[in-house]
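# Coordinate inspection notes
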Amino acid sequence: MSDQTVLHVKGRVLVGPEEVKDELWVVDGRISYERPRAEAVTVRGWALPGLVDAHCHVGLDHHGAVDEATSEKQALTDRDAGTLLIRDAGSPADTRWIDDREDLPKIIRAGRHIARTRRYIRNFAHEIEPDDLVAYVAQEARRGDGWVKLVGDWIDRDAGDLTACWPREAVEAAIAEAHRLGARVTAHCFAEDSLRDLVEAGIDCIEHATGLTEDTIPLFAERGVAIVPTLVNIATFPALASGGESRFPKWSAHMRRLHENRYDTVRAAYDAGIPVFVGTDAGGSLAHGLVAAEVAELVKAGIPPIQALSATTWGAREWLGRPVLEEGAPADLVVYEEDPRADVRVLAGPRRVLLNGRVIG
């Protein structure tokens, strides 16, 4: 099929949570709701905007940066699962070459993680002290695509448990600098202690957010701070806890509690009005292509299916400033055999993937 083939997507086009159209056309790689004169190849099914993984790491594995061939394989795995827009939440690899590939997902980068010295996974992050935080945030704001990623907490070996990484005044200054440069800031946070300082300092998003409590949930809701729960990653906590129990029993017990409360935490956040988005945390130790599993986890946590679906489609794209299935938008969409609103597990089996108007799978 040539790049210039006109496509006719026919069936049910899910333009929004409640807005459904019967058909659209793809002309010169873009969406049109006006019938063209040219002959068209028909694609039938239930169409959604390309799925969003708002916490993914292309160019990274558990050792650190990977080569371009491995990065390509990661991106292809996500694409074939229907993920056509990725917010890359920290990577030490330069993946700008992907932007020149019409057949790979679009990536919104947050630069490289910024962590406290010896307080994160080796080879992942810039490891610095608080006095350098503003300078490094400015550097990554300029290198990224409108996002910066901090490591907000990690195990403190002296304390034997998770503790906050940054003093309040350091994150206030760093977030203010990022905002001055037009970037939003997110932070990895498992535990409870760092959340209030980060939110009151003006942070835009928290990754994982397993440490949300009755005290901090209203603060997040009031400030409109989003969370990306990465429940498919939180599922690994028991194994991590077992592996560290002999050296860090306090940390292990804490990780198990966070895991046990994970669904209640996410549901309480959603009920309070906190924006919740889909992210898998693929690329460190987790496999790519898990977006459907994460949507199913949000539903298991008690988020209504249509809202869990929005968290990886319409709502996620609006949050990231990217188009959905609107007139003239790039034709990035996924077609399914059945209605994914009725059963989100349908997302695990795309019938067709269209990226930049080309049928990929």
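Residues numbered from 1 in each chain as written. Predicted model: local features only at pLDDT ≥ 70, side-chain atom pairs only at ≥ 80, totals over all residues. Heavy atoms only, no water.

## A short note on the overall build of the protein
Scanning the protein from terminus to terminus reveals 12 helices and 20 strands. Relative to its length of 361 residues, the protein is compact, with a C-alpha radius of gyration of 20 Å against a globular reference of 21 Å. Its C-alpha atoms give the protein principal-axis dimensions of about 70 × 40 × 35 Å. Looking at the protein residue by residue over its 361 residues, the buried ones come to 56%. Contacts spanning at least 24 positions in sequence make up 65% of the contacts within the protein whose residues lie at least 6 apart. (Helix = DSSP H or I, 4+ residues; strand = E, 2+ residues; numbered from the N terminus. Rg over C-alpha atoms; globule rule 2.2 N^0.38 Å. Buried < 20%, exposed > 50% of the residue type's maximum accessible area, 1.4 Å probe, protein only. Contact = heavy atoms within 4.5 Å.)

## So, the sheet that holds strand S2 (residues 20-27)
If you trace the seven strands from one edge of the open sheet to the other, you get S3-S2-S1-S4-S18-S19-S20, paired in mixed fashion. Each edge of the open sheet is held by one strand with a lone partner, namely strand S3 (30-32) and strand S20 (358-359). Bridge count between strand S4 (residues 40-49) and strand S18 (residues 333-336): four bridges; the pairing is antiparallel. Looking across to S18, one finds that alanine 47 is bridged to valine 335. (Pairing = 2+ DSSP bridges.)

## Digging into helix H7 (residues 237-244)
Within the sequence span of H7, burial applies to Phe237, Ala241 and Gly244. What you see down the axis of H7 is that its buried residues fit within an arc of 75°, all on one side. For H7, the exposed residues lying more than 90 degrees away from the buried face are Ala239 and Gly243. The secondary structure elements touched by the buried residues of H7 are helix H6 (231-234) and helix H8 (249-260). (Arc of directions from axis to C-beta.)

## Some points on the nonpolar core
Grouped together as the largest cluster of nonpolar side chains are 78 residues, with contacts concentrated most on Leu133, Ile203, Ile206, Phe220 and Leu298. Looking at which element gives the most residues to this core, the answer is helix H3 (residues 168-180), with five residues. If we ignore the near neighbours within four places in the chain, the residues touching isoleucine 203 are Ile175, Val185, Thr186, Ala187, Leu198 and Val225. Ranked by size, the runner-up nonpolar core spans 15 residues in total, among them Val43, Ala47, Ala329 and Leu333. (Core = buried A, V, L, I, M, F, W, Y, C linked by side-chain atoms within 4.5 Å.)

## Some points on the packing of aromatic side chains
Overall, the coordinates contain six aromatic pairs when judged by the stated rule. Grouped by ring-pair contacts, the aromatic residues Tyr120, Phe124, Trp154, Phe190 and Phe237 constitute a single cluster. Between arginine 87 and the ring centre of tryptophan 147, over which it is positioned, the NZ or CZ distance is 4.6 Å. One residue, arginine 262, lies across the ring of tyrosine 263, its end atom 4.2 Å from the ring centre. (Phe/Tyr/Trp six-rings, centres within 6.5 Å; stacked < 30°, edge-to-face > 60°. Lys NZ or Arg CZ within 6 Å of the ring centre and 35° of its normal.)

## Here's the deal with empty space enclosed by the protein
Per the stated rule, a full pass over the model turns up one cavity of 30 Å³ or more. Taken as a whole, the largest cavity encloses approximately 40 Å³ of empty space. Together, His208, Ala209, Thr210, Pro229, Leu231, Ile234, Arg262, Thr265 and Val266 line the largest cavity. Broken down by secondary-structure element, the contributors of at least two residues to the lining of the largest cavity are H6 and helix H9 (262-271). Here the residues of the lining of the largest cavity are counted per class, giving five nonpolar, three polar and one charged. (1 Å grid on protein atoms, 1.4 Å probe; cavity = no way out; pocket = protein on both sides within 12 Å on 5 of 7 lines; lining within 4 Å. Points joined across faces, edges and corners; volume = space filled by probe spheres on them. Nonpolar A, V, L, I, M, F, W, Y, C, P; charged D, E, K, R; others polar.)

## Considerations on the packing of H7 against H8
Across the interface, H7 lies against H8 with an axial gap of 8 Å and an inter-helix angle of 170°. Here H7 is positioned roughly antiparallel relative to H8, judged by the angle of their axes. Only Pro249, Trp251, Ser252, Met255, Arg256, Leu258 and His259 of H8 make contact with H7, whose side of the interface consists of Phe237, Pro238, Leu240, Ala241, Ser242 and Gly244. A breakdown of the residues in the contact of H7 with H8 according to their chemical character gives eight nonpolar, four polar and one charged. (Axes fitted to C-alpha atoms, helices over the stretch in contact; angles between N-to-C directions. Parallel < 35°, antiparallel > 145°, perpendicular 65-115°, else oblique.)

## Comments concerning the pairing of S18
Of the two faces of S18, the one holding Leu333 and Val335 and the one holding Val334 and Tyr336 are both buried throughout. Direction of pairing for S18 relative to strand S19 (residues 352-355): antiparallel, over a ladder of three bridges. What sits directly across from leucine 333, in S19, is leucine 354.

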